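The chain contents come next:
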Amino acid sequence: MEYSKPPLPIDDQLALLKQRGMLFNDESVARNTLEHINYYRLRAYWLPFEIPSGDTFDRNHRFKEGTCFEHVLAYYTFDQRLKLLLIDAIERIEISLRTRFSLELGLKYGSHAHAESALFKKAEVHSRCLESLEEEMGRSKEVFIKHYIETYDRPRFPPVWVSCEIMPLGILSKWIDNLKKREDKKLIARIYGFNEEIICSFLHHLSTVRNLCAHHARVWDRRFTIRMKIPRHSSTAGFFARQENDNRIYNTLLMLKLMLDKICPDSSWKDRLLQLIDRMPEKTASSMGFPDGWRSFSVWR
């Protein structure tokens, strides 16, 4: 089947939305929005307002009664601000984990522990990590990387406390997860109050979340295909969402909050998150997987 739909001018986009039942408080706002935010991008935010699959109007993408363009735009703006909060928290955690990785391995095994294949489980994964590090060195504009390359001809890589500073989160998670000795992972994870299995799983999941934020993709009302393992034997285990909601952003936000409590106890991050949620309708939280009664949890008070 060949794709044959023509591109639509802004006026036709507005007409199509009206035909499908969308209301507008101010068409000039909608017009300006569609001139700067792709119709197809916004569709991800009005999709929950469409009549559910199986209804008579489903094929026509009809909207539920009362659906207003400004409501859709509010969710888009909410998602933007949520991603800024996510990036803020992820940055702190990424920097902390780089520090833990370099500190524990460097003190225990020496300056170039990351280059020692014997310390890692899978040689092919370690080799790919080294290749990625070399690529990052090649494209890096950091003064400390240029200094190492221009000053030293061996070892091939800078010491671990320098190398870790150019490891992207997704690759850093592979470095940590591939460590051969469980004790080494424990040394890195212990400061966060979770075991190494939980931290490694969360890092893998978090790299996906970070990529979505970096590419301006929707995180509100998203179901993640790469889940994080949920703590079951910690004092915070009861705060996590389970079953049908364990693949939404709530568990991510909770884990970020718990880790930030260890990294920067005086952070206002939790308060900023709650203020953002409070400005939206109640269903905003439930659509992100927040469990019933979450406001009563001591972790959010």
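Provided above is the structure to which this section pertains.
Note that this is a predicted model, so its numbers are computed, not measured.

1. Considering the overall build of the chain
And then number 1: A count of helices and strands for the chain gives 13 helices and 0 strands.
And then number 2: Judged by the C-alpha coordinates and their principal axes, the chain covers about 65 × 45 × 40 Å.
And then number 3: Scored against the burial criterion, the 301 residues of the chain give a buried share of 49%.
And then number 4: Of the contacts made within the chain by residues no fewer than 6 positions apart, 67% connect residues no fewer than 24 positions apart.
And then number 5: As displayed, the chain has an accessible area near 16500 Å², and 50% of this comes from carbon and sulfur atoms.
And then number 6: Within the chain, one finds 47 positive and 40 negative side-chain charges whose respective centroids are separated by 4 Å.

2. Re the side chain of Asp246
And then number 1: Counting through the fold element by element, Asp246 comes out in the loop between α10 (196–214) and α11 (249–263).
And then number 2: A polar contact is formed between the side chain of Asp246 and the side chain of Arg227, at a distance of 2.9 Å.
And then number 3: Excluding residues within four positions of it along the chain, Asp246 makes contact with Arg227, Ile230, Ala241 and Asn251.

3. Section: the packing of helix α5 (residues 123–139) against helix α8 (residues 169–177)
And then number 1: Packing of α5 against α8 leaves a shortest axis separation of 10 Å and a crossing angle of 145°. Note that α5 runs across α8; the crossing there is left-handed. Contacts between α5 and α8 involve His126, Cys129, Leu130, Ser132 and Leu133 on the former and, on the latter, Ile171, Lys174 and Trp175.
And then number 2: Taken together, the residues of the contact of α5 with α8 sort by class into 5 nonpolar, 2 polar and 1 charged.

4. Topic: the pattern of salt bridges
And then number 1: Across all of its chains, the model carries 22 salt bridges by this definition.
And then number 2: The partner of Lys83 in a salt bridge is Asp79, and the shortest N-O contact between them spans 3.3 Å. Here the residue Lys83 and the residue Asp79 both occupy positions in helix α4 (residues 69–109), the gap between them amounting to 4 residues, near one helical turn. Just as Lys83 is buried, Asp79 falls in that class too.

5. As for the packing of aromatic side chains
And then number 1: By the definition in use, this model includes 16 aromatic pairs.
And then number 2: Here Trp46 and Phe63 contribute two aromatic rings whose centre-to-centre distance is 6.2 Å and whose plane-to-plane angle is 85°, an arrangement assigned as edge-to-face. With Trp46 in helix α3 (residues 39–46) and Phe63 in the loop between α3 and α4, this residue pair connects regions lying 17 residues apart in the sequence. Taken individually, Trp46 and Phe63 each receive the classification buried, so the pair is uniform in this respect.
And then number 3: Ring pairs connect the aromatic residues Tyr45, Phe49, Tyr75, Tyr76 and Trp220, which therefore count as one cluster.

6. A few points about the environment of Thr151
And then number 1: Within the fold, Thr151 resides in helix α6 (residues 143–151).
And then number 2: Overall, the relative accessible area of 43% leaves Thr151 in the partly exposed class.
And then number 3: From its side chain, Thr151 meets the backbone oxygen of His147 in a polar contact 2.6 Å long.

7. Here we look at the state of the cysteines
And then number 1: Under the criterion given, the structure shown has 0 disulfides.
And then number 2: The thiol of Cys200 is not disulfide-bonded; the next cysteine sulfur, from Cys129, is found 12 Å away.
And then number 3: You can see Cys213 has no disulfide; the closest cysteine sulfur is in Cys264, sitting 17 Å from it.
And then number 4: The class for Cys213 is buried, based on a relative accessible area of 7%.

8. A closer look at the environment of Ala115
And then number 1: Examined against the element boundaries, Ala115 turns out to sit in the loop between α4 and α5.
And then number 2: Residues Ala115 and Asp261, 146 residues apart in the sequence, show an inter-C-alpha distance of 32 Å.

9. Points about unusual backbone geometry
And then number 1: Note that the residue after Arg154, namely Pro155, is joined by a cis bond; omega there is -5°.
And then number 2: Topologically, Pro155 is positioned in the loop between α6 and α7 (160–163).
And then number 3: A positive phi angle, near 60°, is found at Asp221, a position not held by glycine.
And then number 4: Inspection of the secondary structure assignment puts Asp221 in the loop between α10 and α11.

Definitions and limits used
Residues numbered from 1 in each chain as written. Predicted model: local features only at pLDDT ≥ 70, side-chain atom pairs only at ≥ 80, totals over all residues. Heavy atoms only, no water. Helix = DSSP H or I, 4+ residues; strand = E, 2+ residues; numbered from the N terminus. Buried < 20%, exposed > 50% of the residue type's maximum accessible area, 1.4 Å probe, protein only. Contact = heavy atoms within 4.5 Å. Areas by Shrake-Rupley, 256 points an atom, 1.4 Å probe, with all protein chains shown as cover. Lys, Arg positive; Asp, Glu negative; His and termini not counted. Charge placed at Lys NZ, Arg CZ, Asp CG, Glu CD. Polar contact = N/O pair within 3.5 Å; in protein donor to acceptor, adjacent residues only side chain to side chain. Axes fitted to C-alpha atoms, helices over the stretch in contact; angles between N-to-C directions. Left-handed = near helix turned anticlockwise from the far one by under 90°. Nonpolar A, V, L, I, M, F, W, Y, C, P; charged D, E, K, R; others polar. Salt bridge = Lys/Arg side-chain N within 4 Å of Asp/Glu carboxyl O. Phe/Tyr/Trp six-rings, centres within 6.5 Å; stacked < 30°, edge-to-face > 60°. Disulfide = S-S within 2.5 Å.

Note that all results are geometric; they support no functional claim without further evidence.
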